[in-house]
Amino acid sequence: MANDEKYSHDFIREIINKDLKTKKNDSRVHTRFPPEPNGHLHVGHAKSICLNFGIAEEYNGKCNLRFDDTNPIKEGDEYVKSIIDDVGWLGFDWEDRIYYASDYFPQMYNYAIVLIKSGKAYVDDQNANEISYNRGTVNKSGKNSPYRDRSIEENLELFELMKKGYFKDGEKVLRAKIDMSHPNMNMRDPVMYRILHAYHHRTKDEWCIYPMYDWAHGLEDSIEKITHSICTLEFENHRPLYDWFLKELKIFQPQQIEFARLNLTYTVMSKRMLLELVNKNYVNGWDDPRLPTIKGMKRRGYSPASIRDFCRRIGVAKVNSNIPVDFLEHCVRENLNKTVPRFMGVLRPLKITIENYPNDLIDDMNVINNPEDANAGIRKVPFSKSLYIEQDDFMEYPSKKFYRLAPGREVRLVNAYFLKCNDVIKEGEITKELTCTIDHNTKGGNSPDGRKVKSTIHWVSLQKAIDAEVRLYDRLFTIENPTGKKGQDYKDFINSNSLKILKNCKIESAVSELKPFDRFQFLRKGYFCIDPDKNDKKLVINQTVELRDKWSKIKNN
RNA sequence: GGCCCCGUGGUGUAGCGGUUAGCAUAAGAGACUCUGGAUCUCUUAGCGCCAGUUCGAAUCUGGCCGGGGCUGCCA
């Protein structure tokens, strides 16, 4: 199965294939997704989620959802809930395997005692500044702590007192005894435990010492018998330490594998910046559709399938890359095109009156729901003497390449009639209304005489249209890499026009039946979804992404 | 100055000693179309550099150049 053509062949799967061949780990494949519950998930996490859960699926293995909650100061329950929601929404199943690093605190403590007893760990009384100073620099080796050679008995006693709360925050730490002149800074007697008299979202006040990432993470993986511990590139230099702890303890040793995290153009992905954008109200909350958060993408109308497809298609490697956000949008369009129904909505309405149509007649037209899906069927859409069409679909003095409606010109109203514009009613420079006629022989959209029109436009009955607020989103930043300009704050590049609200949109009434997060296409305009702000009085619609638009290129060239 | 990682079309990836260097996307041209959408066809475009090993190198070796990371009691 693992060798099947349909699966991608990245370097991680290559390692797994080799391990399977040599029957390493009894041919088990067991991964994990280990978020810290200190923020909301974003599309970068989605890449990791798809990788870890995807690999487990492909190899008939398992993937755990594990909260790496070793720092009570930053972490909280609300994030745990949010992460669980998001991973589930993306379409992955951890079955009963939802774990917390904090559940392993007692075991970690015991392992620390093992290390102390073997002379490989010691309690250090230096403060944070001293430790930092004595660690040296990348070019200068560090200095041994004056407390480095305490007796095992003293270390045991002190460590126990640390745990019992005899010391204040920062007064002591437990350190691994490795090598203060190691060329890898991580190996210069790294801190294993710090004292934090802080309330933990799960263990409450049970602990006042908390394990550091490097000490904890390998233990978590080992305890869960993870076979392949996949993380991002910045942990490459931590791998020797990861291995060192497990080897000293002589316990199960997973293999840490590092890959390049996802970067997307025109956005930021760091938790710190995302938090700042939210807290300082540059956006409206964690689920703002302009944000690359999972919640933002959900509200924007991105489907889980399209995000999964995107993550699969960008591949996984060790080169730092910056993926064009257009590619994400391409994946979204491709998925939505095939799966989502079409409706008609006029975003910027222009009234037209059909002179040769009965005043009171409202006739139902048969309109195709989705030309990409033969099973989607048709629906009835009311047609009447007065209609709204899109302002963009009319030009009084058409430019050369424009072939929509213009005075004297004929176009087709989708699934309705051929329409000809006769007069333009203006107030000053502004076009207020068009008077038109239809060819009654073209009902349904085709002419029996076989004549063609250049263009087909959408429409909504004036009497039957419903009003809606439509929110249009543009990229949040004005440059591809907002964090890449040295000396400049990423906030300097925030796009002040990233949100446009259209309040006077005229929508086909069937859209009012849709529920929040339902996705659809407004014919010829783009993909949209119902915003959760929708209520009985107000219909709110988000633009997910525009359709590809050749005309705008022609127009602007 | 130390240590670690990485260099294949514009972008993202495949390649595992012999391939017309594949795929996707972007760009350009055309066909088709009741969405200037979708679909289809074609075109442009790539192995960082220099040596070495070999009958043969994107692939193996060395050097160079370029990019990224590492000096939290964060993860």
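Criteria and thresholds
Residues numbered from 1 in each chain as written. Chains lettered and ligands numbered in written order. Predicted model: local features only at pLDDT ≥ 70, side-chain atom pairs only at ≥ 80, totals over all residues. Heavy atoms only, no water. Pairing = 2+ DSSP bridges. Helix = DSSP H or I, 4+ residues; strand = E, 2+ residues; numbered from the N terminus. Salt bridge = Lys/Arg side-chain N within 4 Å of Asp/Glu carboxyl O. Near = heavy atom within 4 Å. Polar contact = N/O pair within 3.5 Å; in protein donor to acceptor, adjacent residues only side chain to side chain. Nonpolar A, V, L, I, M, F, W, Y, C, P; charged D, E, K, R; others polar. Core = buried A, V, L, I, M, F, W, Y, C linked by side-chain atoms within 4.5 Å. Buried < 20%, exposed > 50% of the residue type's maximum accessible area, 1.4 Å probe, protein only. Contact = heavy atoms within 4.5 Å.

Asker: Explanation requested: the sheet that holds strand S12 (residues 349-354) in the structure shown.
Answerer: Think of a sheet as strands paired side by side through backbone hydrogen bonds, with each pair either parallel or antiparallel. Within the open sheet, the seven strands sit side by side as S19-S16-S17-S18-S12-S15-S20. Their pairing is mixed. Each edge of the sheet is formed by a strand with only one pairing partner; in this case those strands are strand S19 (456-457) and strand S20 (460-461).

Asker: Teacher, can you tell me more about the pattern of salt bridges here?
Answerer: Two side chains that carry opposite charge are able to pair once their charged atoms sit near each other. According to the stated counting rule, one finds 47 salt bridges in the structure shown. Note that Lys-177 is salt-bridged to Asp-149, the shortest N-O span being 3.9 Å. Placement of Lys-177 in the loop between strand S5 (173-176) and strand S6 (191-195) and of Asp-149 in the loop between helix H5 (128-134) and helix H6 (152-164) is noted, with a sequence separation of 28 residues between them. For Lys-538, the salt bridge is made with Glu-469, and the minimal N-O distance between the two is 3.2 Å. Here the residue Lys-538 occupies a position in the loop between strand S24 (526-530) and strand S25 (540-546), and Glu-469 occupies one in strand S21 (residues 466-473), the gap between them amounting to 69 residues. A single network of salt bridges, built from pairs that share partners, joins Asp-287, Arg-299, Glu-469, Arg-471, Lys-503, Asp-531, Asp-533 and Lys-538.

Asker: Got a minute to help me understand the protein's contact with RNA strand B in this structure?
Answerer: Taken together, 68 residues surround RNA strand B, and among them Glu-14, Arg-342, Arg-404, Arg-412 and Gly-444 come closest. A breakdown of the atoms of RNA strand B within 4 Å of the protein gives sugar and phosphate a share of 57%. Residue Ala-128 places a main-chain N or O atom 3.0 Å away from a base nitrogen belonging to RNA strand B. Put simply, the parts of the chain that give the surface near RNA strand B at least two residues each are H5, S6, helix H11 (304-314), helix H12 (325-339) and helix H13 (550-556). Looking at the surface near RNA strand B, the element that brings in the most residues is H13, giving four residues. Here the surface near RNA strand B is built from residues that sort into 25 nonpolar, 23 polar and 20 charged.

Asker: Please explain the nonpolar core as it appears in this structure.
Answerer: For soluble globular proteins, nonpolar side chains are generally found buried alongside one another. Grouped together as the largest cluster of nonpolar side chains are 38 residues, with contacts concentrated most on Ile-49, Phe-53, Val-87, Leu-90, Leu-264, Ile-307 and Phe-310. Put simply, the parts of the chain that give this core at least two residues each are helix H2 (43-58), strand S2 (62-67), helix H3 (77-90), helix H10 (294-300), H11 and H12. Here Val-87 is in contact with Phe-33, Leu-41, Ile-49, Phe-53, Leu-65, Phe-92 and Trp-94, once residues within four sequence places are set aside. Formed by 35 residues, the second largest nonpolar core is a distinct cluster that contains Phe-105, Met-192, Trp-244 and Phe-245.

These values are about where atoms sit, not about what they do.
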